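Residue-level structure breakdown
The residues making up each chain are set out below.
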Amino acid sequence: MTAFALSEDQLAIQGMATAFAAETLAPNAMRWDEEKHFPVDEMRQAAALGMGGIYIAEDVGGSGLTRLDAALIFEALSTGCPTVAAYISIHNMCAWMIDRYGSAEQRAAFLPKLCTMEHLASYCLTEPGAGSDAAALKTKAVRDGDHYILDGQKQFISGAGVSDLYVVMVRTGEAGPSGISTLVVEKGTPGLSFGANEKKMGWNAQPTRAVIFENCRVPVANRLGPEGIGFKIAMAGLDGGRLNIGACSLGGAQGALDRALAYAQERKAFGSRIADFQALQFKLADMATELEAARSLLWRAAAALDAKTPDATKLCAMAKRVATDTGFTVANEALQIHGGYGYLADYGIEKIVRDLRVHQILEGTNEVMRMIVARGLVGRAKGN
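Keep in mind that this is a model prediction, so the values were computed, not measured. (Residues numbered from 1 in each chain as written. Predicted model: local features only at pLDDT ≥ 70, side-chain atom pairs only at ≥ 80, totals over all residues. Heavy atoms only, no water.)

**Things to note about the pairing of strand E4 (residues 165-171)**
Taking burial as the measure, the 7 residues of E4 include 7 buried ones, the bulk of the element. Burial along E4 is two-sided: Leu165, Val167, Met169 and Arg171 and Tyr166, Val168 and Val170, pointing in opposite directions, are all buried. Across 4 bridges, strand E1 (residues 121-124) lies against E4 in parallel orientation. Bridge pairing in E4 links Cys124 to Val168. The sheet contact formed by E4 and strand E5 (residues 180-186) spans 7 bridges and is antiparallel. Looking across to E5, one finds that Met169 is bridged to Thr182. (Buried < 20%, exposed > 50% of the residue type's maximum accessible area, 1.4 Å probe, protein only. Helix = DSSP H or I, 4+ residues; strand = E, 2+ residues; numbered from the N terminus. Pairing = 2+ DSSP bridges.)

Rendered as structure tokens:
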């Protein structure tokens with residue numbers, strides 16, 4: 001990518017994902033939402049196009065693409081259905097954690113089926129009493145020979161009950177982040193169970209359940225890296241996850257803006273198209289401008305993460321906050337432009353608003369994103 005333009009390859013990637021979203025996701029998104037259907041077959045079709053392991057190494061079946069490529073893909077997919085795109089994002093985040101921190105044996109065992117999405121993955125960090133303060137997690141793993149015995153509960157886990165692998169942050173040592181390790185728990189492990197599917201405001205096309213561990217025996221061989229680096233692994237995964245969920249917000253909002261623009265050109269009031277009213281034109285202009293500004297920051301952060309620059313984590317936090325706040329605001333404005341029709345399910349706008357609202361909460365709340373940015377600023381000032 002040059003400073004202001006995508007390469008031909010990136011445009012092709014973007015076009016491929018946009019076409020898949022239009023042909024496979026968009027026609028079914030409202031029905032999946034209403035029926036709370038998790039479209040596994042369609043996600044495997046996406047994986048067949050390389051979207052099951054976007055930035056996973058090619059030796060285990062991944063596509064070997066960049067974080068910027070991933071941002072293009074997730075924005076494009078979300079124009080069809082933000083919920084499905086967001087789950088594919090979480091799946092990719094889990095696969096990357098195994099690719100980056102797993103041994104050769106673990107990579108060979110887990111990643112090929114994750115890249116095809118024959119196996120699905122879930123990210124398990126949040127607990128009932130540990131959300132934003134993730135380092136306070138209490139799920140405990142006690143060493144017993146060649147196994148760990150897990151006890152505890154994870155909360156708000158996307159894909160839970162359906163996923164085949166659970167990348168779980170557990171406490172193997174003292175309190176705080178240095179006592180946390182990461183284990184891969186396989187579906188069917190005795191002692192692993194799930195809560196009821198949560199009733200949610202949005203994201204209805206993917207299940208969300210508690211993941212419960214009761215005397216659950218997990219092989220030590222399923223630990224990613226040494227003991228004590230689990231918090232580092234979890235946070236490294238979230239840098240990319242924040243970019244992805246920001247991209248999902250941009251895609252959903254772009255879809256809502258496109259619908260609002262089409263509606264404004266058709267709807268008449270006081271004898272004129274509402275698109276001819278300057279007040280509405282200014283609103284549309286602001287929506288498009290704010291989306292473009294958020295997109296530029298997201299691409300900047302993705303490029304920094306690809307380059308492993310020292311400010312990458314800060315930029316990812318900035319981009320996540322701006323993209324998810326902007327995405328929700330634009331979608332909500334698109335609903336307003338539709339008036340009473342926007343409140344009806346048939347027009348598809350209210351689903352986008354419901355789906356995008358949670359993006360301001362997950363992968364670290366936007367308040368936490370501000371904390372990350374502020375900590376970097378204050379720390380730099382002290383250093384001076």
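After presenting the structure, the write-up continues.
**Section: helix H6 (residues 104-115)**
Taking 1.5 Å per residue, 12 residues should reach 16 Å; H6 reaches 16 Å between its end C-alpha atoms and fits that length. Residues of H6 that are buried: Gln106, Arg107, Phe110, Leu111, Leu114 and Cys115. Relative to the axis of H6, the buried residues are bounded by an arc of 120° and lie together on one face. Exposed side of H6, more than 90 degrees from the buried face: Glu105, Ala108 and Ala109 are the residues found there. Met117 sits one or two positions beyond H6 and adopts a positive phi of about 60°. (Expected span 1.5 Å × (residues − 1). Arc of directions from axis to C-beta.)

**Some remarks on the side chain of Asp69**
Note on placement: Asp69 falls in helix H4 (residues 67-78). Buried charge Asp69 goes without a salt bridge, the closest partner of opposite sign being Arg67 at 10 Å. A polar contact of 2.9 Å, which involves the side chain of Asp69, links it to the backbone nitrogen of Thr66. The residues touching Asp69, leaving out its near neighbours within four places in the chain, are Gln10 and Ile13. (Lys, Arg positive; Asp, Glu negative; His and termini not counted. Salt bridge = Lys/Arg side-chain N within 4 Å of Asp/Glu carboxyl O. Polar contact = N/O pair within 3.5 Å; in protein donor to acceptor, adjacent residues only side chain to side chain. Contact = heavy atoms within 4.5 Å.)

**What about the side chain of Thr182?**
Here Thr182 is to be found in strand E5. Residue class for Thr182 comes out buried when judged on its relative accessible area of 0%. Look past the residues within four positions of Thr182 in its chain and what remains in contact with it is Val167, Val168, Met169, Asn222, Arg223, Leu224, Gly230 and Ile233.

**A look at the UniProt feature "domain: Acyl-CoA oxidase/dehydrogenase middle" (unreviewed entry) in the protein**
When the UniProt feature table is mapped to this numbering, "domain: Acyl-CoA oxidase/dehydrogenase middle" (unreviewed entry) covers residues 123-216. Annotation note: span residues 123-216, helix share 0%, strand share 48%, distance between end C-alpha atoms 17 Å. (UniProt positions renumbered as here; feature names shortened; annotations may be inferred.)

**As for the nonpolar core**
Of all hydrophobic cores here, the largest spans 106 residues; its most connected members are Met43, Leu77 and Tyr123. Per element, the largest residue contribution to this core is 16 residues, and it comes from helix H7 (residues 230-266). When neighbours within four sequence positions are excluded, Tyr123 is seen to be in contact with Ile90, Met93, Cys94, Met97, Ile157, Val167, Met169, Ala234 and Leu238. The next biggest cluster of nonpolar side chains, apart from the first, holds 17 residues, and it includes Tyr148, Val170, Leu183 and Val220. (Core = buried A, V, L, I, M, F, W, Y, C linked by side-chain atoms within 4.5 Å.)

**Quick look at the pattern of salt bridges**
Counting across every chain of the model gives 16 salt bridges. For Lys154, the salt bridge identified is with Glu127, shortest N-O distance 2.9 Å. Of this pair, Lys154 sits in strand E3 (residues 147-158) while Glu127 sits in the loop between E1 and strand E2 (140-144), and the two are 27 residues apart along the sequence. Of the residues examined, Lys154 reaches a relative accessible area of 0% and is grouped as buried.

**Some details on unusual backbone geometry**
Phi is positive for Met117, close to 60°, though the residue is something other than glycine. Classification of Met117 as buried rests on a relative accessible area of 0%. A positive phi angle, near 60°, is found at Glu363, a position not held by glycine. Its location among the elements puts Glu363 in the loop between helix H10 (349-357) and helix H11 (366-383).

**Things to note about the environment of Leu335**
Checked against the element boundaries, Leu335 lands in helix H9 (residues 312-337). Considered as a pair, Leu335 and Lys351 are 16 residues apart in the sequence and their alpha carbons are 10.0 Å apart. For Leu335, the residues in contact, after removing those within four places along its chain, are Gly342, Tyr343, Ile349, Glu350 and Val353.

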